[in-house]
Amino acid sequence: MSTAIWVVIAIVIVAGFAAAMYLAWTGVRTRRLRQRFGPEYDRAVESHGGRAAAERELRSREERHEDLDLHDLDPQQREQYREQWVGVQERFVDAPEAAVEQADGLVTVVMGERGYPTHGFEEKVAHLSVEHGRTMDHYRRAHVISDRAAAKQASTEDLRQAMVHYRALFDELLAAPAAGTASGTGDRAPRS
């Protein structure tokens with residue numbers, strides 16, 4: 001065989017190897033993002049019209065998330081917020097719409113205490129989804145019901161469901177960190 005044929009064969013082999021490495025790398029990245037974001041990954045794929053755009057958005061969320069100064073609540077703060085939650089739940093019996101509004105407010109206060117931005121629902125979801133992706137569906141459902149409640153279009157059962165959904169995120173935000181991690185997720189190093 002001539003040298004030109006060997007060069008072409010070598011180029012094809014190198015290109016094939018590079019393509020295989022790229023596919024493996026994107027597969028690892030996709031698995032990592034799916035694992036980290038949970039159902040939020042599928043939601044992003046659907047809302048962004050495809051995997052590539054969704055993954056760009058999710059990586060962008062991770063980058064913005066790294067700039068936050070997040071911290072855990074101390075045990076005393078956690079207990080105070082738990083007591084406040086009990087009060088909100090007790091008010092539900094007499095004033096369910098007001099209790100749902102207070103639940104949303106309390107969740108937002110805890111977000112702020114932890115270091116998350118607290119303005120704009122979509123911004124809150126974007127930042128929270130990096131560490132709490134599996135709970136974002138609860139938060140979105142609670143938000144939708146809260147909007148309906150504000151328009152006087154939510155039943156008492158809807159409002160009860162909103163409380164359950166808010167409670168899921170509230171509990172996650174209050175959770176004590178796992179041993180050896182700063183945030184309980186194990187995904188990032190402790191911050192000072």
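Further up the page is the structure itself.
Residues numbered from 1 in each chain as written. Predicted model: local features only at pLDDT ≥ 70, side-chain atom pairs only at ≥ 80, totals over all residues. Heavy atoms only, no water.

**Focus: the overall build of the chain**
Turning to step 1, where the next piece is worked out: In terms of helices and strands, the chain carries 8 helices and 0 strands.
Turning to step 2, where the next piece is worked out: Tracing the chain from N to C terminus, the helices and strands come up as α-α-α-α-α-α-α-α.
Turning to step 3, where the next piece is worked out: For a compact globule of 192 residues, the expected C-alpha radius of gyration is about 16 Å, and the chain comes in at 22 Å, more than 25% above that figure.
Turning to step 4, where the next piece is worked out: Per-residue burial for the chain yields a buried fraction of 38% across its 192 residues.
Turning to step 5, where the next piece is worked out: Within the chain, residue pairs in contact and separated by at least 24 positions form 64% of the contacts whose partners lie at least 6 positions apart.
Turning to step 6, where the next piece is worked out: Here the chain carries 25 positive and 30 negative side-chain charges, and the mean point of each set is 6 Å from the other. (Helix = DSSP H or I, 4+ residues; strand = E, 2+ residues; numbered from the N terminus. Rg over C-alpha atoms; globule rule 2.2 N^0.38 Å. Buried < 20%, exposed > 50% of the residue type's maximum accessible area, 1.4 Å probe, protein only. Contact = heavy atoms within 4.5 Å. Lys, Arg positive; Asp, Glu negative; His and termini not counted. Charge placed at Lys NZ, Arg CZ, Asp CG, Glu CD.)

**Some thoughts on helix α5 (residues 96-114)**
Because an α-helix packs 3.6 residues into every turn, residues spaced three or four apart end up facing the same way.
Turning to step 1, where the next piece is worked out: For α5, with 19 residues, the first-to-last C-alpha span of 27 Å sits near the 27 Å given by 1.5 Å per residue.
Turning to step 2, where the next piece is worked out: Of the positions making up α5, those classed as buried are Pro96, Ala99, Val100, Ala103, Leu106, Val107, Thr108, Val110, Met111 and Arg114.
Turning to step 3, where the next piece is worked out: Buried residues in α5 make contact with α4 (75-92), α6 (121-132), α7 (136-150) and α8 (156-174).
Turning to step 4, where the next piece is worked out: In the segment just after α5, Gly115 is the residue with positive phi, at about 110°. (Expected span 1.5 Å × (residues − 1).)

**Concerning unusual backbone geometry**
Turning to step 1, where the next piece is worked out: A positive phi angle is found at Lys152, which is not glycine, with a value near 60°.
Turning to step 2, where the next piece is worked out: Take Lys152: it is sitting in the loop between α7 and α8.
Turning to step 3, where the next piece is worked out: You can call Lys152 exposed: its relative accessible area is 63%.

**Examining the pattern of salt bridges**
Turning to step 1, where the next piece is worked out: In total, this model carries 15 salt bridges according to the counting rule given.
Turning to step 2, where the next piece is worked out: In this structure, Arg36 and Glu62 form a salt bridge, with 3.1 Å as the shortest nitrogen-oxygen distance. One end of the pair, Arg36, is in helix α1 (residues 3-37); the other, Glu62, is in helix α3 (residues 51-66), with 26 residues separating them in the sequence. Each member of the pair, Arg36 as well as Glu62, is classed as buried.
Turning to step 3, where the next piece is worked out: One network of salt bridges, with partners in common, ties together Glu40, Glu57, Arg61, Arg64, Glu122 and Arg140. (Salt bridge = Lys/Arg side-chain N within 4 Å of Asp/Glu carboxyl O.)

**Considering the nonpolar core**
Turning to step 1, where the next piece is worked out: Formed by 32 residues in total, the largest nonpolar core has its most connected members in Val107 and Tyr139.
Turning to step 2, where the next piece is worked out: Every element with two or more residues in this core is listed here: α4, α5, α6, α7 and α8.
Turning to step 3, where the next piece is worked out: Here the element with the most residues in this core is α8; it accounts for 8 residues.
Turning to step 4, where the next piece is worked out: Contacts of Tyr139, omitting those with residues within four sequence positions, involve Asp104, Val107, Thr108, Met111, Phe121, Lys124, Val125, Leu128, Tyr166 and Leu169.
Turning to step 5, where the next piece is worked out: Leu33, Ala54, Leu58 and Val130 belong to the second largest nonpolar core, which has 7 residues in total. (Core = buried A, V, L, I, M, F, W, Y, C linked by side-chain atoms within 4.5 Å.)

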